[in-house]
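Observations on the three-dimensional arrangement
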Amino acid sequence: MSRSDLDALVIGAGVSGLTTAVCLAEAGKRVKIWAAEPPEQSTSYAAGAMWGPHLVEPVDRVRVWSAQTLNVLRKLATEPATGVRLVAGIEASRQPVDPPEWSSQLDGFRMCEPNELPDGLVVGWRYTAPLINMPVYLGYLRQRLTAADGSVKLTV
């Protein structure tokens, strides 16, 4: 594929690069990823992944993006081959803190009663959020990229 045969070149085959390339390729763009390593050797492969827009700016734009991402992940969780599943759990703190402002978007969100918290923790909340098995998810994204005629080229 020459440069004139390419609409987009994405650098990196981790989750951000693959997701970007998939979105472009599925929108009809001719896409190639250049990466120093394949997805299974990227940092994303070893990362833990749970939805939650922590410490990101600008807040107004992130609210929209994160809500869209949450909806996509909820849909993906209905397909086991994606590596995405919805998991219920507790988030808690040793210090008094308020729950994050986006917590109301999560299924089953509620504050914990004191007797629900492990010893030493003073506040917590329950919710269900998408949890992503990154090795499976990266494979799923790569399959989608290939199906949309995108490709990954390793550059050493």
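Overview of the structure. (Residues numbered from 1 in each chain as written. Predicted model: local features only at pLDDT ≥ 70, side-chain atom pairs only at ≥ 80, totals over all residues. Heavy atoms only, no water.)

Further remarks concern the packing of aromatic side chains. Evaluated as defined, the whole model comprises 2 aromatic pairs. Ring centres of W51 and W102 lie 5.3 Å apart, and the angle between their planes is 85°; on these two criteria the pair is classed as edge-to-face. With W51 in the loop between β3 (49–50) and α3 (59–76) and W102 in the loop between β4 (84–93) and β5 (107–111), this pair connects stretches of sequence that are 51 residues apart. In this structure, W51 and W102 share a single accessibility class: buried. Between the aromatic rings of Y137 and Y140, the centroid separation amounts to 6.1 Å while the plane-to-plane angle is 25°, which identifies the pairing as stacked. Taken together, the positions of Y137 and Y140, both in helix α4 (residues 134–147) and 3 residues apart, correspond to about one turn of that helix. The pair formed by Y137 and Y140 is uniform in burial state, with each residue classed as buried. (Phe/Tyr/Trp six-rings, centres within 6.5 Å; stacked < 30°, edge-to-face > 60°. Helix = DSSP H or I, 4+ residues; strand = E, 2+ residues; numbered from the N terminus. Buried < 20%, exposed > 50% of the residue type's maximum accessible area, 1.4 Å probe, protein only.)

What follows concerns unusual backbone geometry. Residue P58 follows E57 across a cis peptide bond; omega there is -10°. Even without a glycine there, the phi angle at L55 is positive, about 50°. Residue placement: L55 occurs in the loop between β3 and α3. Not every positive phi belongs to a glycine, and D149 is a case in point at roughly 70°. When you line up the elements, D149 lands in the loop between α4 and β7 (151–154).

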